[in-house]
Amino acid sequence: MSKDIPYKIYLEENEMPKQWYNVRADMKKKPAPILNPGTLQEVTVEELSHIFCEELAKQEVDNTTPYFDIPEEILNFYKMYRPSPLVRAYCLEKKLGTPAHIYYKFEGNNTSGSHKLNSAIAQAYYAKKQGLKGVTTETGAGQWGTALSMACSYFDLDCQVYMVKVSYEQKPFRREVMRTYGAKVTPSPSMNTEVGRKINAEFPGTTGSLGCAISEAVEAAVSQEGYRYVLGSVLSQVLLHQSVIGLETKAALDKYGIKADTIIGCAGGGSNLGGLISPFAGQMLRNEADYEIIAVEPASCPSLTRGTYAYDFCDTGKVCPLAKMYTLGSGFIPSANHAGGLRYHGMSSVVSELYDQGLIRATSVEQTSVFQAAQMFARVEGILPAPESSHAIKVAIDEALKCKESGQAKNIVFGLTGTGYFDMVAYQKFNDGEMSDYIPTDEELQKSISTLPQVNL
Ligand SMILES: *Cc1c(COP(=O)(O)O)cnc(C)c1O
C-alpha cells in the first residue's frame, strides 16, 4: 500500500485551494480581541486602518467568516511556486527504522526560502489595491523581509525593512537579496526613529529584537504619508493567508486516503503552525476528526511552555495593539539562538487560544539537538533545512522513534518551513562543536513577565 504513495504528492492546478480558511469561525470560544494600547479598549477597524491596510484590518478582526476568496492576482502569483510538495520521507523512515509514515510539507521552494511569501504577496496586494506608496516592516532572520521585498517588487511598491541588528550583521547575504529586490534595509535599533533612539540609549550595544524592530517599523509607517505597516507573523490575518499550507496538505492527504495522526510545526509567532493546522483544527472544533497537534519552540524562547496567558504588547515600543497571548513579556530579549525566526516573545492569539483549550500541545527543544536532527535530515532527505524548521524535524524524529518502540505505524505530518542556505554561520558553529544551549532561568522569565501591562477586562 505505502509504495503506491509517491515521494512527492502534488496537486493539479484545479485542485489547489481558491479560498483561505479562517479557523476562528469554528472556534466556540474566540481568541480575545486586540486592544488599543492607549485606551485599552477593543480596537476598531477604523483605528487599525491607521497602521494596517484596510482590507487586512478587516481580516484581522473577523472571527466569523469561515472562508475568504483568494483574489485572482494572488492565485496567479501562488501558481508560480505552489502547490508546495507534500513529501513522503521514505529515506528518513528507513534511516530511523520506524514503522511510522512521515510526511513533510515543504515551503522552501521559492527564492525567499520560506512560507512567508504566502502572506507577503497577500499583504502587498491589498496595499497596492488601496493605492499606497509603500509598506514598512521588521525582519528578524531576514526571511520575512526577503519575502516582502519580492512581493513588493512584483506589485511595484516601496519596501522599507527594519532588520534586527544581530541578523543584519550576521546575515549580510539575506540583506543583499532584499536590496536586490529593491527594499531599503536599516539595522534595528536605528537612530532613524524615536523609539530606536530610546532603546539604543537604554540598552547601549543591544543587538536588537523583533519586538523592537516592529516598533520602529510602525513608527516609520505612521509618520510617512501613503505608508502602512505589515507584519509577517503573529497576526490573525497572517494565519488566514498561511491556511493555504494546511488546505493543500489536507487536499494532498485526502487524495491518497491518508489520515494524519500527528501534525507538528515549529512555532515562532505561530503563523506556519497556525496555517498548517487550521483545516485540521477546524475538523476537531466541529467534532469531525481528531489529531494530535504539537507546537515546537526553542528552549531559549519558550512562550507556550513557560510563558503566561495574558494581554501583552506585541512590540517593545508598545505602539502596536495589545493581544492576549502566551508571552514571556514584550521586554524579553532572547539569547542569540540561531533560529532567528523563533525569537519572538509572544505567540499568535489564535494559536494561544487553541493551546489554552487543549487542542494543541507544546514542547521545547534545545538548539544542539535541533541541529543534530537538521544534519540527519539533510544527509538522508537531501534538503538543507532552516534552523527554525529543524525544530519540527527534531520532534518528528522523536515521535517516529517512539513508534519504533511501540510498533505503532502512525502517520506523522510536519511543516518543513524553509531552507537554511543563509544560516551557514549557525551550521558552522554546530560543525565546529561551538554551539551552546542557553535556557533562560525562572528568575529571568519572571522579571520580564512581571512587566506585563495590567488589563482588567
Ligand atoms: C519565520 C519563520 C518561522 C517562524 O515563524 P512562524 O510565524 O511561527 O511560522 C519558521 N520557519 C521559517 C523558515 C521562518 O522563516
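Each value, and the rule that gives it
Residues numbered from 1 in each chain as written. Predicted model: local features only at pLDDT ≥ 70, side-chain atom pairs only at ≥ 80, totals over all residues. Heavy atoms only, no water. Core = buried A, V, L, I, M, F, W, Y, C linked by side-chain atoms within 4.5 Å. Buried < 20%, exposed > 50% of the residue type's maximum accessible area, 1.4 Å probe, protein only. Helix = DSSP H or I, 4+ residues; strand = E, 2+ residues; numbered from the N terminus. Pairing = 2+ DSSP bridges. Contact = heavy atoms within 4.5 Å. Axes fitted to C-alpha atoms, helices over the stretch in contact; angles between N-to-C directions. Parallel < 35°, antiparallel > 145°, perpendicular 65-115°, else oblique. Left-handed = near helix turned anticlockwise from the far one by under 90°. Near = heavy atom within 4 Å. Polar contact = N/O pair within 3.5 Å; in protein donor to acceptor, adjacent residues only side chain to side chain. Areas by Shrake-Rupley, 256 points an atom, 1.4 Å probe, with all protein chains shown as cover. Phe/Tyr/Trp six-rings, centres within 6.5 Å; stacked < 30°, edge-to-face > 60°. Disulfide = S-S within 2.5 Å.

Asker: What is the right way to look at the nonpolar core in this model?
Answerer: A general trend in soluble globular proteins is that nonpolar side chains are found buried together. The biggest cluster of nonpolar side chains holds 78 residues, and the ones touching the most others in it are Trp 20, Ile 74, Tyr 78, Leu 148, Ile 263, Leu 354 and Ile 360. A total of eight residues in this core trace back to one element, the largest contributor, which is helix α5 (residues 117-129).

Asker: Explanation requested: the sheet that holds strand β11 (residues 292-298) in the structure shown.
Answerer: Strand pairs in the sheet, formed through backbone hydrogen bonds, run parallel or antiparallel to each other. Reading across the sheet, the seven strands line up as β1-β4-β5-β15-β10-β11-β14 and stay open at both edges, with mixed pairing between neighbours. Of all the strands in the sheet, the pair left with one neighbour each is β1 (8-9) and β14 (360-365). Where strand β5 (residues 101-106) meets strand β15 (residues 411-416), six bridges bridge the pair, whose relative direction is parallel. Bridge assignment links Phe 106 to a residue of β15, and that residue is Leu 416. Contacting β10 (262-266), β11, β14 and β15, helix α12 (residues 271-285) runs over the sheet at an angle of about 155° to β10.

Asker: How do you make sense of the sheet that holds strand β8 (residues 184-188) when you look at a structure like this?
Answerer: Strands sit in the order β8-β7-β6-β9 across an open sheet of four strands; the sheet is parallel. Here the strands that pair on one side only, and so sit at the sheet edges, are β8 and β9 (227-229). Between one strand axis and the next, the sheet turns through 25° on average, direction left out of account. Both strand β6 (residues 134-139) and β9 contribute to a ladder of three bridges, which runs parallel. Bridge pairing links Thr 136 to Tyr 229 in β9. In the packing of helix α6 (residues 143-155) onto the sheet, contacts are made with β6 and β7 (158-164), and the angle to β6 comes to roughly 165°.

Asker: Got a minute to help me understand the packing of α5 against α6 in this structure?
Answerer: When two helices pack together, their arrangement is given by the angle between the helix axes and the distance between those axes. Interaxial distance between α5 and α6 falls to 8 Å at its minimum, and their mutual angle equals 40°. Judged on the interaxial angle alone, α6 and α5 are oblique. Two packed elements cross with a definite hand, and for α5 against α6 that hand is right-handed. Contacts from Leu 117, Ser 119, Ala 120, Ile 121, Gln 123, Ala 124, Tyr 125 and Lys 128 in α5 reach Trp 144, Ala 147, Leu 148, Met 150, Ala 151, Cys 152, Tyr 154 and Phe 155 in α6.

Asker: I tried to follow the site of the ligand on my own but got confused; where do I start?
Answerer: Around the ligand there are 19 residues in total, and Lys 116, Ser 233, Ser 271, Asn 272 and Thr 417 lie nearest to it. Gln 143 is positioned such that a nitrogen or oxygen atom in its side chain is 3.2 Å from an oxygen atom of the ligand. A total of 380 Å² of accessible area belongs to the ligand in isolation, and the protein chains cover 98% of it. Residue assignment for the shell around the ligand shows that the elements contributing at least two residues are α12 and α16 (387-406).

Asker: Where do I start with unusual backbone geometry in this structure?
Answerer: Peptide bonds are trans in most cases, and residues, glycine excluded, mostly fall at negative phi. Cis peptide bonds are those with omega within 30 degrees of zero, and the linkage from Arg 82 to Pro 83 qualifies with 0°. Within the element layout of this structure, Pro 83 appears in the loop between α3 (72-81) and β4 (86-88). Residue Ser 188 is joined to Pro 189 through a cis peptide bond whose omega torsion reads 5°. The residue Pro 189 is located in the loop between β8 and α9 (194-202) in this model. Its identity is not glycine, yet Leu 40 carries a phi of approximately 60°, on the positive side. By the secondary structure assignment, Leu 40 is in the loop between β2 (19-21) and α1 (45-48). Of the residues examined, Leu 40 reaches a relative accessible area of 28% and is grouped as partly exposed. You will see that Val 234, though not glycine, has its phi angle at about 65°, which is positive.

Asker: Looking at this model, I keep getting lost on the side chain of Ser 390. Mind explaining?
Answerer: Mapped onto the elements, Ser 390 comes out in helix α16. A relative accessible area of 1% places Ser 390 in the buried class. Setting aside chain neighbours within four positions, we find Ser 390 in contact with Val 370, Ala 373, Ala 374, Pro 385 and Tyr 427.

Asker: What am I meant to see in the packing of aromatic side chains here?
Answerer: In total, this model carries 17 aromatic pairs according to the counting rule given. Each ring, one from Phe 77 and one from Tyr 154, has its centre 4.7 Å from the other, and the planes form 65°; the classification is edge-to-face. Of the two residues, Phe 77 sits in helix α3 while Tyr 154 sits in helix α6, which places them 77 residues apart along the sequence. We classify Phe 77 as buried; its relative accessible area is 4%. On the accessibility criterion, Tyr 154 (42% relative accessible area) is partly exposed. Relative to Phe 377, the ring of Tyr 104 lies with its centre 5.1 Å away and its plane at 70°, an arrangement referred to as edge-to-face. In this pair, Tyr 104 sits in strand β5 while Phe 377 sits in helix α15 (residues 367-381), placing the two residues 273 residues apart along the sequence. Using a relative accessible area of 0% as the deciding quantity, one classes Phe 377 as buried. Pairwise contacts between aromatic rings join Phe 77, Tyr 78, Tyr 81, Tyr 125, Tyr 126, Tyr 154 and Phe 155 into one cluster.

Asker: How should I be thinking about the state of the cysteines in this particular structure?
Answerer: The bond known as a disulfide is covalent and runs between the sulfur atoms of two cysteines. Evaluation of the coordinates by the stated rule reveals zero disulfides. In this model Cys 152 remains outside any disulfide bridge; the closest cysteine sulfur is found in Cys 159, 4.1 Å from its own. A disulfide-free cysteine, Cys 301 has its sulfur positioned 13 Å from the sulfur of Cys 266, the nearest such atom. With a relative accessible area of 1%, Cys 301 lands in the buried category.

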